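Coordinates in review
Here is how the chains run, residue by residue.
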Amino acid sequence: MIGSSRTRRGHAHGGGRAAGAASAVAVLALVAVTAGCKAEPAGSAPAAPPASSSPTEDAKPGTDGTESATPSTSAKPSSTPKPTPKATPSADPQAKVLMATGSQGKQVRELQARLRQIGHFDRSPTGYYGSVTVTAVQSFQGKRGLSRTGKTDTVTWQKLLGMTHAPTAAELNPPTTRPAAKPDKRCMTGRVICISKNSRSLSWMIDGRVVSSMDVRFGSQYTPTREGTFSVYWKSRHHVSSIYHTAMPYAMFFSGGQAVHYSSDFAARGYSGASHGCVNVRDEGKIASLFAQVRNGDKVVVYK
């Protein structure tokens, strides 16, 4: 009985050691599994991949352009030489940047008109160098083997001048990107800012005659531009929104806080954005001329 008791105690102790060893192995296994799942702080950037794993310019769409893992010493080396990757064009160190994001004026308008002549700019010139112009310049540079910086430097400019002609007045200042809509009957008498939502155009009319037309943008579905017949009750040349704290140059208020005004965002991003209910104009030259002609009390008609 004593021997049996010792034997039982021996099994119990051995079982305890085995359980302890199993627990230790389980803990080590858990540590090994969770070591690769470290939580990143919110908003932190992912760790940069090694330089050898970054995709090349020739990588096909849908692939990362990386090489396969290094073969083991037992694998036979490939006898086929690897192709030499194409060199990426670099920026000319002698080139001077003439225009870039944020630039505006006559030269930007000429740049846009020349790019449009050869199919790289698909809208009317605005005179503002925004993201659409950057993309157009990158497209032109890529086609001509230049570095795709999106900035217009002296090399890019000279190449563009050699491929295009001096823009005409109509090319520099077309009436609108799209044909202006047929005026609403309410626009046919008096001095009227006639605004069509369907054609996204504004026509300044006096006694039924169109004096000038321009592209416009409206509010989103959550902040729609009101429709109806109104009148200009206040003009503010250097207005800044007291609600959104954004610039509203050449503002002509016609309904509460809604106004016709210039929008640099519209000039830069086009119709990918929207206003908070105002009627945005993207051509600063045209809105400046309109602002100079419109008087308080002039009619505003907004229709579909």
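Residues numbered from 1 in each chain as written. Predicted model: local features only at pLDDT ≥ 70, side-chain atom pairs only at ≥ 80, totals over all residues. Heavy atoms only, no water.

Quick notes on the overall build of the protein
Scanning the protein for helices and strands turns up 7 helices and 11 strands. For the protein, the proportion of its 304 residues judged to be buried stands at 33%. For the protein, the share of sequence-separated contacts (at least 6 apart) that also reach a separation of at least 24 residues comes to 56%. (Helix = DSSP H or I, 4+ residues; strand = E, 2+ residues; numbered from the N terminus. Buried < 20%, exposed > 50% of the residue type's maximum accessible area, 1.4 Å probe, protein only. Contact = heavy atoms within 4.5 Å.)

Notes on the pairing of strand β7 (residues 234-240)
As paired elements, β7 and strand β8 (residues 247-255) share 6 bridges and run antiparallel to each other. In the sheet register, serine 236 faces β8, and the bridge partner there is alanine 251. Linking β7 to β8, which pair antiparallel, is a turn of 6 residues; within it histidine 245 sits at a positive phi near 60°. (Pairing = 2+ DSSP bridges.)

A word on the confidence of the model for the protein
Low-pLDDT portions of the prediction should not be read for the details of their coordinates. Residue-level pLDDT values for the protein average 77, and 68% of them are 70 or greater. Across residues 1-78 the pLDDT falls below 50, and counting only partners more than four positions away or on other chains, this stretch makes 10 contacts in the model. (pLDDT = per-residue confidence, 0-100.)

Topic: helix α3 (residues 131-143)
Helical geometry note: an α-helix holds 3.6 residues per turn, so side chains three or four residues apart project in the same direction. Relative to the 18 Å expected for 13 residues at 1.5 Å per residue, α3 spans 19 Å between its end C-alpha atoms, a close match to the ideal helical length. For α3, the complete set of buried residues consists of Thr133, Val134, Ala136, Val137, Phe140 and Gln141. The buried residues of α3 occupy one face: seen down the axis, they fall within an arc of 165°. Buried residues in α3 make contact with α2 (106-117), β2 (152-153) and α4 (154-163). (Expected span 1.5 Å × (residues − 1). Arc of directions from axis to C-beta.)

Thoughts on the pattern of salt bridges
Overall, the coordinates contain 8 salt bridges when judged by the stated rule. Between arginine 186 and aspartate 184 there is a salt bridge, and its shortest N-O distance comes to 2.8 Å. Taking the relative accessible area as the measure of exposure, arginine 186 reaches 31% and is therefore partly exposed. Close ionic contact of glutamate 227 with lysine 197 constitutes a salt bridge, the shortest N to O distance being 3.2 Å. (Salt bridge = Lys/Arg side-chain N within 4 Å of Asp/Glu carboxyl O.)

Re the packing of aromatic side chains
Across all of its chains, the model carries 5 aromatic pairs by this definition. Consider the rings of tyrosine 250 and phenylalanine 291, whose centres lie 5.7 Å apart with planes at 70°: the pair is edge-to-face. Taken together, the residues tyrosine 250 in strand β8 and phenylalanine 291 in helix α7 (residues 284-293) connect sequence positions 41 residues apart. Judged by its relative accessible area of 13%, phenylalanine 291 falls in the buried class. Each ring, one from phenylalanine 266 and one from tyrosine 271, has its centre 5.1 Å from the other, and the planes form 65°; the classification is edge-to-face. Accessibility expressed as a relative area gives 0% for phenylalanine 266, which makes it buried. A relative accessible area of 23% means that tyrosine 271 is categorised as partly exposed. (Phe/Tyr/Trp six-rings, centres within 6.5 Å; stacked < 30°, edge-to-face > 60°.)

As for the side chain of aspartate 215
Counting through the fold element by element, aspartate 215 comes out in strand β5 (residues 209-217). Classification of aspartate 215 as buried rests on a relative accessible area of 8%. At 2.9 Å, the side chain of aspartate 215 forms a polar contact with the side chain of arginine 282. (Polar contact = N/O pair within 3.5 Å; in protein donor to acceptor, adjacent residues only side chain to side chain.)

Comments concerning the packing of α3 against α4
Put simply, α3 and α4 touch, their axes get as near as 11 Å, and they point 80° apart. Classed by the angle they form, the pair α3 and α4 counts as roughly perpendicular. Contact with α3, carried on its side by Val137, Phe140 and Gln141, involves Thr156, Lys159, Leu160 and Met163 of α4 and no other residues of that element. Across the contact of α3 with α4, the residue classes tally to 4 nonpolar, 2 polar and 1 charged. (Axes fitted to C-alpha atoms, helices over the stretch in contact; angles between N-to-C directions. Parallel < 35°, antiparallel > 145°, perpendicular 65-115°, else oblique. Nonpolar A, V, L, I, M, F, W, Y, C, P; charged D, E, K, R; others polar.)

A few points about the state of the cysteines
One pass over the full model with this rule turns up 1 disulfide. In this model, cysteine 187 is linked to cysteine 194 through a disulfide, with the two sulfur atoms separated by 2.1 Å. Between cysteine 187 and cysteine 194, the S-S torsion sits near 80°, and that sign places the bridge as right-handed. The pair formed by cysteine 187 and cysteine 194 is uniform in burial state, with each residue classed as buried. (Disulfide = S-S within 2.5 Å.)

Overview of the environment of valine 301
As for its placement among the helices and strands, valine 301 is situated in strand β11 (residues 299-303). Residue valine 301 is classed as buried on the basis of its relative accessible area, which comes to 0%. Taking the C-alpha atoms as reference, valine 301 lies 8.1 Å from aspartate 184; in sequence the two are 117 residues apart. Leave out the neighbours within four places in its chain, and valine 301 touches Asp184, Arg186, Cys187, Val192, Ile193, Cys194, Ile195, Gly228 and Thr229.

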